[in-house]
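Tertiary structure, described
Chain by chain, the residues run as shown.
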Amino acid sequence: MASAPLFPLEARGLTVVLGGHTAIERIDFVLDAGARIAVLGPNGAGKSVLLRVLHGLIAPSAGEVLWAGSAARARDQAMVFQRPVMLRRSALANVEFALAMNGVRGPERRARARDAIERVGLSSLAARSARVLSGGEQQRLALARAWSLRPRVIFLDEPTASLDPAAASEVERVIGEIHAAGTAIVMTTHHLGLARRVADEIVFLHEGRLTERTAVERFFNAPQSPEAARFLKGELPWNKSSPEPSAD
Amino acid sequence: MHDILSSFALALSLIAGGDAELWRIVALSLEVSLASAVFACALGLPLGGLVAVREFPGRRVVIVALNALLGLPSVVVGLVVYLLLSRAGPLGSLGILFTPRAIVLAQTLLVLPIVAALARQFVEDAWHEYREQLTSLGVSAVRAVPTLLWDLRYSLLTVVLAGFGRAASEVGAVMIVGGNIDGVTRVMTTAIALETSKGDLPLALGLGVILLSMVLALNAAAYAIREWSARHHG
Ligand SMILES: Nc1ncnc2c1ncn2[C@@H]1O[C@H](COP(=O)(O)OP(=O)(O)OP(=O)(O)O)[C@@H](O)[C@H]1O
Ligand SMILES: [Mg+2]
């Protein structure tokens, strides 16, 4: 199982220009094995773009992403998109497809797929066509699909965005299990309570720039950058009324 | 008017009475059209898929050429295949001119651009939507082609049926390379053309009715399948 070294994951001077718009600008960032990081920031701050460029889906316009010093895209990583895409086949078959593409075969493939689906609470829907599942169900299925690959880093783009409170706390529990299995987590979210409970560190983005990276308690009590302070002032009341699984 | 009506009645009685000549023509038509559609899809679907997902120099030229080939004049294809297969031609030694194989070859060439161009369009749209997700799962662009084709199976069925329909209703090329030889290469379209000019309206009308019903049935089937898949697969 243990394969080539992956960590640290480093972003150096990462800049991404999309359609003439600078989505992220000169971001430096290091991620070590087992870390749990929440990327926060307002809509359009560049959170999703940062995750996609780290995951290797878009090439940076400047700067580089290095996995243990190498520019080659690492395989032991997975991502759950803000809007996951499912193939026109059953929920179970979607997970099995991901496993097949990563060289898992035979009975192990079926067993791992079933296990992953069970862990996100979708067993009763395993045979249903994935595309007709609700948004929240698809999001959980995407989490199962990513996790079944047993990645060493998982990028989660708003994993609880369209979930009801019960499903959100279920997903939070799953994220805890993923971390317990030794997987590093990089997650974006607008649920500050979730970030607080799940992450060890907060990375804050504002208009494409990284303004701070701070331990989670410190970030919420005394943010280091004025942008984050303003964000927290504006966002906290909204967050309190949002469907969070537990009160902080 | 009376003539037409009585011809029509005769035509229906040919169909209903299981006229041997009529049904032999229909069977040959179905056979060659089905074979052409299968060959054209076997080549055209992967080809269209690859053009959709791969970046390569001259890609735009290929796409424009594919789309232009959609309007390929059938008689020109017939002429080219004739020249290829004629005794002095490069494939003359095969000796298949004026056989059903020559018809299959001409029809395949006519249907191939349709299948490839439509597949390219469908796969490219899907690739746009699936690209990041599939890449994230470790799927390369080339490996994505069969996955996308399978995911689009219900939409592509319409393409396959369109290809079959075009093959079955082809006349110009088939006349040139098949020759409409009674009992050998006489298919529905060439028979209709010839029997009409000879004045045997009942046979022509009978074949026309069958051809039309076939095309209608195919389109109804394609429509029903798409409706069904939209409900069951989203
Ligand atoms: N393909 C693209 N072309 C042009 N601009 C883009 C593209 N993708 C993203 N952007 C822009 O880059 C900026 C950052 O987008 P991103 O999706 O990373 O925001 P985000 O922080 O994830 O926001 P949200 O909280 O709404 O998910 C936005 O202004 C967006 O409009
Ligand atoms: Mg986003």
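All names here are of chain A. Taken together, 14 residues are adjacent to ligand 1, and G44, K47, S48, V49 and H190 come closest. Side-chain polar atom of N43 to an oxygen atom of ligand 1: 2.9 Å apart, as the coordinates give it. Here an oxygen atom of ligand 1 sits 2.9 Å away from a polar atom, N or O, in the main chain of V49. Protein chains bury 66% of the 640 Å² of accessible surface belonging to ligand 1 in isolation. Those elements that place two or more of their residues in the shell around ligand 1 are β2 (21-31) and α1 (47-55).

All names here are of chain B. Taken together, the side chains of L79, Y82, L83, F98, I181 and V184 make up a nonpolar region of the molecular surface, amounting to roughly 490 Å² of accessible area. Along the polypeptide, V184 turns up in the loop between α8 (172-178) and α9 (188-198). Among the residues examined, V184 registers a relative accessible area of 37% and is labelled partly exposed.

With that settled, the discussion passes to the pattern of salt bridges. Considering all chains together, one arrives at 26 salt bridges over all chains under this definition. Between D200 of chain A and R36 of chain A there is a salt bridge whose closest N-O contact spans 2.9 Å. On the criterion of sequence distance, the pair formed by D200 of chain A in the loop between α6 (192-198) and β8 (201-206) and R36 of chain A in strand β3 (residues 36-40) is long-range, its members being 164 residues apart. Owing to a relative accessible area of 34%, D200 of chain A belongs among the partly exposed residues under this scheme. Residues joined in a network through salt bridges with shared partners are E21, R24, D182, R186, E195 and K198 of chain B.

In this assembly, 20 residues from chain B lie in contact with 24 residues from chain A. Of the roughly 1,900 Å² buried where chain B meets chain A, counting both sides, 51% is carbon and sulfur surface. Sorting the residues of chain B by area buried against chain A places E132, Q133 and L137 of chain B first, and these three jointly supply 32% of that buried surface. The tally of links between chain B and chain A comes to three salt bridges. With its nearest N and O atoms 3.2 Å apart, the salt bridge here joins D151 of chain B to R88 of chain A. For the pair chain B and chain A, the interface holds eleven residue pairs in polar contact (both at pLDDT 80 or more).

When two helices pack together, their arrangement is given by the angle between the helix axes and by the axis-to-axis distance. Residue and element names in this part refer to chain B. Between helix α2 (residues 20-53) and helix α6 (residues 141-151), the least distance of the axes is 9 Å, while the angle of their chain directions is 130 degrees. Classified by the angle their axes make, α2 and α6 are oblique. The two elements α2 and α6 meet at a crossing, and its hand is right-handed. In this structure, α2 uses L45, P46, G49, L50 and V53 to contact α6, whose residues at the interface are A141, V142, V145, L148 and L149. Residue composition of the contact of α2 with α6, by class: nine nonpolar, one polar and no charged.

What follows deals with the sheet that holds strand β1 (residues 9-18) of chain A. Residue and element names in this part refer to chain A. Taking strand neighbours across the sheet as the criterion, the three strands line up as β2-β1-β4 in an open arrangement whose pairing is antiparallel. Strand pairing shows two members of the sheet lacking a second neighbour, β2 and β4 (62-67), which therefore form its edges. Across the sheet, the axes of successive neighbouring strands diverge by a mean angle of 20 degrees, strand direction being ignored. Across seven bridges, the pairing between β1 and β2 is antiparallel. Paired with A11 across the two strands is F29, which belongs to β2. Relative to the sheet, α1 contacts β1, β2 and β4, its axis offset from that of β1 by approximately 120 degrees.

Our next topic: the coordination of the magnesium ion (ligand 2). Residues and elements named next belong to chain A. With distances of 1.9 to 2.4 Å, the protein atoms coordinating the magnesium ion (ligand 2) are S48 (OG) and Q82 (OE1). With S48 in helix α1 and Q82 in the loop between β5 (77-80) and α2 (91-101), the pair connects residues that are 34 residues apart, well separated along the chain. On the basis of relative accessibility, which here comes to 34%, the residue Q82 falls in the partly exposed class.

Residues and elements named next belong to chain B. Averaged over all residues, the pLDDT of chain B is 93; the fraction at 70 or higher stands at 100%. Here helix α1 (residues 2-16) is the element of chain B with the lowest mean pLDDT, 88, and α6 is the one with the highest, 97. Listed scores for the predicted complex are pTM 0.90 and ipTM 0.91.

Before going further, it helps to examine the nonpolar core. L40, L141 and F220 of chain A together with L148 of chain B are the most contacted members of the largest nonpolar core, which totals 79 residues. Looking at which element gives the most residues to this core, the answer is helix α5 (residues 100-136) of chain B, with nine residues. Those residues in contact with F220 of chain A that lie beyond four places of it in its chain are L40, L192, A195, R196, I202 and L232 of chain A. Formed by 33 residues, the second largest nonpolar core is a distinct cluster that contains A23, A35, V53 and M79 of chain A.

Conventions and cut-offs
- Residues numbered from 1 in each chain as written.
- Chains lettered and ligands numbered in written order.
- Predicted model: local features only at pLDDT ≥ 70, side-chain atom pairs only at ≥ 80, totals over all residues.
- Heavy atoms only, no water.
- Near = heavy atom within 4 Å.
- Polar contact = N/O pair within 3.5 Å; in protein donor to acceptor, adjacent residues only side chain to side chain.
- Areas by Shrake-Rupley, 256 points an atom, 1.4 Å probe, with all protein chains shown as cover.
- Helix = DSSP H or I, 4+ residues; strand = E, 2+ residues; numbered from the N terminus.
- Patch = residues over 30% accessible without salt bridge, like charges linked within 9 Å, V, L, I, M, F, W, Y side chains within 5 Å.
- Salt bridge = Lys/Arg side-chain N within 4 Å of Asp/Glu carboxyl O.
- Buried < 20%, exposed > 50% of the residue type's maximum accessible area, 1.4 Å probe, protein only.
- Contact = heavy atoms within 4.5 Å.
- Buried area = accessible area lost by both parts, 1.4 Å probe.
- Axes fitted to C-alpha atoms, helices over the stretch in contact; angles between N-to-C directions.
- Parallel < 35°, antiparallel > 145°, perpendicular 65-115°, else oblique.
- Left-handed = near helix turned anticlockwise from the far one by under 90°.
- Nonpolar A, V, L, I, M, F, W, Y, C, P; charged D, E, K, R; others polar.
- Pairing = 2+ DSSP bridges.
- Donors = N, O, S within 2.8 Å, 3.2 Å for Na, K, Ca; no water.
- pLDDT = per-residue confidence, 0-100.
- Core = buried A, V, L, I, M, F, W, Y, C linked by side-chain atoms within 4.5 Å.

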